[in-house]
Amino acid sequence: MTTYIALIYTPDMDFNQSGAAEMGAEYAEFGQAAAAVLRGGNALHSTATATTVRVTGGKGGDVLTTDGPYAETKEVLSGYYVLECADLEEAVKTAARIPAAWNGGAVEVRPVVTFA
């Protein structure tokens, strides 16, 4: 089995806004349907809560922080799932059932590199 991460991209959202409960129900339904391959996952707060960290001067250098995401885009990284699937085909089939894939967003599937 290979571990994949499914990165969920949607328009930036506040989970306290209307419609969040409906969306939560859709994701809960997906979670139950894909339980056999899910190994973890979470939603992320809006990009207004993000802090970007850079270190200048190499390891141990000056730490610089910026409020906001690394890049400003129309769609933002809003969550992720960790999937354990037999192959990419199974991972893609699973990702296609994530609500963002058919509800105005996109899901990026990538294999995870395991360092020994």
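Residues numbered from 1 in each chain as written. Predicted model: local features only at pLDDT ≥ 70, side-chain atom pairs only at ≥ 80, totals over all residues. Heavy atoms only, no water.

## Observations regarding the overall build of the protein
- For the protein, the helix and strand inventory stands at 3 helices and 6 strands.
- Across its three principal axes, the protein shows a C-alpha extent of roughly 45 × 45 × 20 Å.
- For the protein, buried positions account for 25% of its 116 residues.
- In the form shown here, the protein has an accessible surface area of approximately 7800 Å², with 54% of it arising from carbon and sulfur atoms.
- The protein carries 7 positive and 14 negative side-chain charges, and their two centres are separated by 7 Å. (Helix = DSSP H or I, 4+ residues; strand = E, 2+ residues; numbered from the N terminus. Buried < 20%, exposed > 50% of the residue type's maximum accessible area, 1.4 Å probe, protein only. Areas by Shrake-Rupley, 256 points an atom, 1.4 Å probe, with all protein chains shown as cover. Lys, Arg positive; Asp, Glu negative; His and termini not counted. Charge placed at Lys NZ, Arg CZ, Asp CG, Glu CD.)

## Focus: the nonpolar core
- With 15 residues, the main nonpolar core has Y81, L83 and I98 as its most contacted residues.
- Residue assignment for this core shows that the elements contributing at least two residues are β1 (2-11), α1 (20-33), β5 (75-85) and α2 (88-95).
- Here L83 is in contact with T2, T3, Y4, A6, V37, L38, A91 and T94, once residues within four sequence places are set aside. (Core = buried A, V, L, I, M, F, W, Y, C linked by side-chain atoms within 4.5 Å. Contact = heavy atoms within 4.5 Å.)

## A look at α2
- Within the sequence span of α2, burial applies to A91, T94 and A95. Taken around the axis of α2, the buried residues stretch over an arc of 100 degrees, which confines them to a single face. Turned more than 90 degrees away from the buried face of α2, the exposed residues are E89 and K93.
- Here the buried face of α2 lies against β1, α1, β5, α3 (99-102) and β6 (106-111).
- Structurally, the start of α2 carries an N-cap: the backbone nitrogen of E89 is 3.3 Å from a side-chain oxygen of D87. (Arc of directions from axis to C-beta. Polar contact = N/O pair within 3.5 Å; in protein donor to acceptor, adjacent residues only side chain to side chain.)

## Here we look at the side chain of T47
- Within the secondary structure layout, T47 lies in the loop between β2 (38-43) and β3 (51-56).
- Of note is the side chain of T47, whose polar atom sits 2.3 Å from the side chain of D12.

## Some thoughts on a nonpolar patch on the surface
- Together, V53, V55 and V63 line one region of the surface with nonpolar side chains, adding up to about 270 Å² of accessible area.
- Looking at where V63 falls in the secondary structure, it is placed in strand β4 (residues 62-67).
- What makes V63 exposed here is its relative accessible area of 56%. (Patch = residues over 30% accessible without salt bridge, like charges linked within 9 Å, V, L, I, M, F, W, Y side chains within 5 Å. Salt bridge = Lys/Arg side-chain N within 4 Å of Asp/Glu carboxyl O.)

## Description of the side chain of T52
- As for its position among the elements, T52 is in strand β3.
- Residue classification places T52 among the buried residues on the basis of a relative accessible area of 10%.
- In contact with T52, other than residues within four places in its own chain, are L64, T65, T66, G68, P69 and Y70.

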